[in-house]
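# Topology and contacts: notes
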Amino acid sequence: MSSTGTATPARPGEARPPERVLLLSESAGLAAVLGGLLDGDDRLTRVGSLREAADGGRLAGADAVVLDTPADGRATALEHLRRQYQGPLVVLVERGAEGRKLPPDQARTLLVRPFAADDLGAALGLPAAVRQRHELPRPPGTAGEATPTVAPPLPASGSIVHA
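The text that follows walks through the structure, step by step, so that each part is easy to find. Only a predicted model underlies this, so the values are computations on that prediction, with no experimental measurement involved. (Residues numbered from 1 in each chain as written. Predicted model: local features only at pLDDT ≥ 70, side-chain atom pairs only at ≥ 80, totals over all residues. Heavy atoms only, no water.)

This part covers helix α1 (residues 28-37). Given 3.6 residues per turn, any residue in an α-helix points the same way as the ones three and four places further on. Among all positions in α1, only Leu30, Ala31, Leu34, Gly35 and Leu37 are buried. Here the buried residues of α1 occupy an arc of 155 degrees about the axis, which is enough to place them on one side. Just beyond α1, the residue with positive phi is Asp39, at close to 55 degrees. (Buried < 20%, exposed > 50% of the residue type's maximum accessible area, 1.4 Å probe, protein only. Helix = DSSP H or I, 4+ residues; strand = E, 2+ residues; numbered from the N terminus. Arc of directions from axis to C-beta.)

Written out as structure tokens, the structure is:
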């Protein structure tokens, strides 16, 4: 991701878009959107809990993880997740709760709700052509609003850098 929150093309030696994404969420709707972006459910694994992901060894095969947990348990979930997985991570957060209380993490991207499929694709580093092919309408009540913030990973100081 660039500092503006948009995906940049991969160069030799740089990270490429993920082939296998693990979604930690109970939302079937989010899984459907993400599965569409990834062009097939074989690239997406959805689990409802971190225990399920760890017990099944699914974290080891993930190129990226999307974490969709309630705010009150998010910090604990992140702590447990990072003990087992150090790769790219997209954390879905509520507007106004942009992760100020989360520890610094250079491999983490915060995506503020509400967001469109394109925003999620950009956070995962998917090419624009793939994201546009699967663009869905913006969530209800967001028509005419500014594009949601895709915050790049937090710098070591712990402050949030908005796109």
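Note that Thr69 resides in the loop between β3 (64-67) and α3 (71-84). Relative accessible area serves as the criterion here: at 17%, Thr69 is assigned to the buried category. Each residue touching Thr69, except ones within four places of it in the same chain, is listed here: Arg74 and Ala77. (Contact = heavy atoms within 4.5 Å.)

This next bit is on the packing of α1 against helix α4 (residues 117-124). α4 packs onto α1 with a crossing angle of 60 degrees between their chain directions and a minimal axis gap of 10 Å. Looking at the two axes, α1 sits oblique to α4. For the crossing formed where α1 meets α4, the hand is right-handed. Judged by residue contacts, Leu30, Val33, Leu34 and Leu37 of α1 engage Ala117, Leu120, Gly121 and Leu124 from α4. Across the contact of α1 with α4, the residue classes tally to 7 nonpolar, 1 polar and no charged. (Axes fitted to C-alpha atoms, helices over the stretch in contact; angles between N-to-C directions. Parallel < 35°, antiparallel > 145°, perpendicular 65-115°, else oblique. Left-handed = near helix turned anticlockwise from the far one by under 90°. Nonpolar A, V, L, I, M, F, W, Y, C, P; charged D, E, K, R; others polar.)

Before going further, it helps to examine α4. In terms of burial, α4 is largely enclosed, as 7 of its 8 residues are buried. Within the sequence span of α4, burial applies to Ala117, Asp119, Leu120, Gly121, Ala122, Ala123 and Leu124. One or two positions beyond α4, positive phi appears at Gly125, with a value near 80 degrees.

Glancing now at the nonpolar core. With 37 residues, the main nonpolar core has Leu34, Val65, Val66 and Leu120 as its most contacted residues. When residues of this core are assigned to their parent elements, the largest contribution, 5 residues, is made by strand β4 (residues 89-93). Look past the residues within four positions of Val65 in its chain and what remains in contact with it is Leu22, Leu24, Leu59, Leu81, Tyr85, Pro88, Leu89 and Val90. (Core = buried A, V, L, I, M, F, W, Y, C linked by side-chain atoms within 4.5 Å.)

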